[in-house]
Amino acid sequence: MAGECGEETAGAAVRGLQEDAIFDNVFAEIEILELPLGSTLRSVYDDLPNAHQRFMEKLDARIRNHDREIEKMCNFHHQGFVDAITELLKVRAEAEKLKVQVIDTNRRLQDAGKEMISQTEAGIRCRIQQRNIATVVDRLQLCLPALEMYSKLKEQMNVKRYYSALKTMEQLENIYLPKTDQYRFCQIMVENLPKLREEIKEISMSDLKDFLESIRKHSDKIGETAMKQAQQQKSFNIALHKQTGTSYGKSGYTINDRIPDQENRFKWKQASEDDYEPEEEVLTAQDLVDFSPVYRCLHIYSILGDRETFENYYRKQRRKQARLVLQPQASMHETVEGYRRYFSQVAGFFVVEDHILHVTQGLVTKAYTDELWNMALSKLVAVLRTHSSYCSDPDIVLELKNLIVVFADTLQSFGFPVNRLFDLLFEIRDQYNETLLKKWAVLFREIFEADNYSPIPLTNEEEYKVVICKFPYQDAEFDKQTFPKKLPISQSVPQIYMQVKEFIYASLKFSESLHRSSTEIDDMLRKSTNLLLTRTLSSCLQNLIKKPHIGLTELVQIIINTTHLEQACKYLEDFITNITNISPETVHTTRLYGISTFKDARHSAEGEIYTKLNQKIDEFIQLADYDWTMSEPDGRASGFLLDLINFLRSTFQVFTHLPGKVAQTACMSACKHLSTSLTQMLLDSDLKQISMGAIQQFNLDVIQCELFASSDPVPGFQGDTLQLAFIDLRQLLDLFMVWDWSTYLADYGQPSSKYLRVNPSTALTLLEKIKDTNKKNNIFSQFRKNDRDKQKLIETVVKQLRSLVNGMSQHS
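Rules and cut-offs
By convention here, each chain's residues receive numbers from 1 onward along its written sequence. Residues qualify for local features only when their pLDDT is at least 70, as the model is predicted, and side-chain atom pairs are given and counted only at 80 or more; totals for whole chains, interfaces and linings, by contrast, use all residues. Excluded from the side-chain calculations are hydrogens and water; all other atoms, namely the structure's heavy atoms, are used. We place a 1 Å grid over just the protein atoms. Points where a 1.4 Å probe fits but has no way out form a cavity, open points with protein on both sides within 12 Å along at least 5 of 7 lines form a pocket, and any residue with an atom within 4 Å of a point lines it. Grid points are joined across faces, edges and corners, and a volume is the space filled by probe spheres set on the points. Numbering of helices and strands runs from the N terminus; a helix is a DSSP stretch of H or I covering at least four residues, while a strand is a stretch of E covering at least two. Three classes are used, and their members are as follows: Ala, Val, Leu, Ile, Met, Phe, Trp, Tyr, Cys and Pro are nonpolar, Asp, Glu, Lys and Arg are charged, and the others, Gly among them, are polar. Patches in this entry comprise residues that are over 30% relatively accessible and not in a salt bridge; like charges within 9 Å are linked, as are nonpolar side chains (Val, Leu, Ile, Met, Phe, Trp, Tyr) within 5 Å. Accessible surface is estimated by sampling points in the Shrake-Rupley manner with a 1.4 Å probe; for residues, cover comes only from the protein chains shown. By salt bridge we mean one thing: a side-chain nitrogen of Lys or Arg within 4 Å of a carboxyl oxygen of Asp or Glu. Three exposure classes are used, based on accessible area relative to the maximum for each residue type with a 1.4 Å probe and protein chains only: buried under 20%, partly exposed in between, and exposed over 50%. Given the number of residues in a helix, its expected span is that number minus one, multiplied by 1.5 Å. Per-residue confidence from the predictor is reported as pLDDT, a score between 0 and 100. Here a residue-residue contact requires only that any non-hydrogen atoms of the pair lie within 4.5 Å. The angle between two axes is taken between their N-to-C directions and runs from 0 to 180 degrees, where each axis is a line fitted to C-alpha atoms and a helix contributes only its stretch in contact. Under this scheme an angle from 65 to 115 degrees is roughly perpendicular, one under 35 degrees roughly parallel, and one over 145 degrees roughly antiparallel; angles in between are oblique. Centres within 6.5 Å make a pair out of two Phe, Tyr or Trp rings, where for Trp the six-membered ring is used; the pair is then stacked when the planes are under 30 degrees apart, edge-to-face when over 60, and tilted otherwise.

Right, let's get into empty space enclosed by the protein. For the coordinates displayed, the defined rule picks out four cavities of 30 Å³ or more. If you add up the space inside the second largest cavity, you get close to 60 Å³. Every residue along the wall of the second largest cavity is listed here: Phe448, Tyr453, Ser492, Val493, Ile496, Leu541, Leu544, Ile558, Asn561, Thr562 and Leu565. Counting only elements with at least two residues in the lining of the second largest cavity, the list comes to helix H15 (492–511), helix H16 (518–546) and helix H17 (552–567). The element contributing the most residues to the lining of the second largest cavity is H17, with four residues. A per-class count over the lining of the second largest cavity returns eight nonpolar, three polar and no charged.

So, in structure tokens, the structure goes:
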């Protein structure tokens, strides 16, 4: 146990030594003031458990030890410290004296240096000012060009020299402002330049809009000027060709040709003052419109790099203006001025576009103008086609044609194709012919209404020459007659002939300046004249013939007139030949169809004569007042029939001027109608009874008709041809007058029968009417043998006739 205690004592001693060593290290670190001390102190507490009390004890012991050393040190050096203090006190008095001397010396030195300091500071300030002035001068020399250029820019903006202003801006940005970009005023300039550019763009665009508005207002004047120049150029060329002896026609200028002197687009140039001189100076497009806004705006947008925007805007606005220009007024077709103003506006528009095309580079292109022209041409053709169809005045249509020709020549001189306009003229030519036909239809009607339809009386040679100057009447026999005498034609014939010639002249006016050959013009004239004859004149003649107030005398005169007009057609062909120098014998030459027109009119007049003759005969027939039950005839013809025959005689005397066949046909037709009407009178269903006395009286009237037919009222009939018109009625009356029924029944159906033209049904109808009359008038006839026999005979004949009629119906 003692051993264990010794071991414990030895262990405690060892641990004590270890703790002392640790504390010594800590105190050494603390004394040398190595910071931080936290880790050092922490090592004491971490390594030695419950070491706080011991550490504090050791620390107090260490402090007491150091205090004893300090005390020993102070005691050792105390006397030296006292001596040093004593010496220091002695030095203090001297130090005070030295301090006073130093302060006095410093004061005196400061007083002496103040003037030098003042002069030095003044020199420094002057040197700084000189340096600043030099710097300012250098900077001003650098900034002045920029300021001068900016001032120049402002001045150019004020006087509206925008193109120069843009050039100045470019110099400012590229040369002057980059050298002075550190200054505020330069930065302001830089910020203002884009605004100024936008301002210039807006101003130039505003000028362009003003120009577009101005050009829209002046388009009609520009077009009028260009069209006037083209017309003067054409007149000059015609005059020049006439002087040189060459023709100015299709060979000299075709549709696809260009008017000479095209390179001078706005100025008309004279060959010599003696050849042709315009009445007044014609202004050019430049004189009427200032194009500088376009040039400026184009240059400005080109410099700004926005040329494409400008080109698109310009083209878009001009397209809109083109549509407005091409929109006509609703009443344009009513006056020539409406058409002229319309053409002037369209021509002015494209003259301006052509000018822009040739004086600017790429603002408008040839493809653009061609596209715009094709659009305009389609619209123009449609407008003219529509409005010309509304026009009913041929003079306005003719003026329209002249305007189209001048317009086409004008636009062609600027390189625009105008073939479609000349094609349109052929359509308008048809419309022009239609208006002419309507106008001449009125003239023809007025001539026909004013005509007296009597031969023209001539008292002397002068009157004859007046008529001959108007109408080519030639008749050798007539020339041999002495004055006074009468032409067979009426007043309307020379007037109609002259109007046809006037129509040819009017039609020719439209063919002028169409750049067509003489053959084509000849064909046009002949076709339009054919339309006048075959449609207009023919219609007027047909309407005239059908009018109620036109009597037989007028119809006869119309036939005579149409005969002479037909003969005059060859003179009309010669008239056209003299105008066009194209012989009618030329292949493909159109012939005049007047012959058919006048033949048709004559046929209608002849038919109307036949109709009116028959109507007159019917009027006389209606005056007949037969006593169908009379027992004995009057012994003379009826009064109505004698009047009718006298009317026919006087009428056929008027027919002496008619062609022979016409008069003969009229006479034959009248006789046949008279015969038919008399027969129908006998066979009228309303007439129930006829006496033999009435038959005998009726026979007297038929005899007068036959005498009239045999008196040759119209020469030219052979033998008894005219009497054959009454042959049916004659055989019927003879059958009843002779009472030759046995012969009729025996020879019926034989070609040599005496009563070949008597139809059984006709004979039966008339016989039944006579039978009924005999029954009524002879009540006691059955008591007399002869009457009974006659009645039986009638009954027998009636039965046989009925059998014949039934046989005919079964056979048919």
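A cluster of nonpolar side chains, Phe81, Val82, Ile85, Leu88, Leu89 and Val91, forms an exposed patch at the surface whose accessible area comes to about 560 Å². Topologically, Phe81 is positioned in helix H3 (residues 52–158). Looking at Phe81, the relative accessible area reads 54%, which means it is exposed.

Its 19 residues give helix H22 (residues 692–710) an end-to-end C-alpha distance of 26 Å, which sits within 8% of 27 Å, the value for a rise of 1.5 Å per residue. Residues Gly693, Ala694, Ile695, Gln697, Phe698, Asn699, Asp701, Val702, Cys705, Glu706, Phe708 and Ala709 constitute the buried set of H22. Remark: Asp712 follows H22 within two positions and exhibits a positive phi of approximately 55°.

What follows deals with the confidence of the model for the protein chain. This prediction gives the protein chain a mean pLDDT of 80; 85% of its residues lie at or above 70. Residue range residues 778–783 is modelled with pLDDT below 50. Its contacts to residues more than four positions away, or to other chains, number five contacts.

The subject of this paragraph is the packing of helix H10 (residues 366–390) against helix H12 (residues 419–450). Between two packed helices, what matters for the description is the angle formed by their axes and the separation of those axes. Contact pair H10 / H12: the axes reach a minimum separation of 10 Å and the direction vectors enclose 5°. On the basis of their axis angle, the class for H10 and H12 is roughly parallel. Each of Asn374, Leu377, Ser378, Leu380, Val381, Leu384, Arg385, Ser388 and Ser389 in H10 lies in contact with H12, whose residues at this interface are Arg420, Leu421, Leu424, Glu427, Ile428 and Gln431. Here the contact of H10 with H12 is built from residues that sort into seven nonpolar, five polar and three charged.

Scanning all chains against the criterion turns up 26 aromatic pairs. Centroid distance Tyr626 to Phe698: 5.6 Å. Interplanar angle 50°. Geometry classified as tilted. Here Phe698 lies in helix H22 and Tyr626 lies in the loop between helix H19 (594–621) and helix H20 (639–654), a separation of 72 residues in the sequence. An angle of 90° between the planes, with centres 5.0 Å apart, marks the rings of Phe736 and Trp741 as edge-to-face. A relative accessible area of 1% places Phe736 in the buried class. Following the ring pairs from residue to residue traces out a cluster consisting of Tyr342, Phe343, Phe349, Phe350, Trp373, Phe407 and Phe416.

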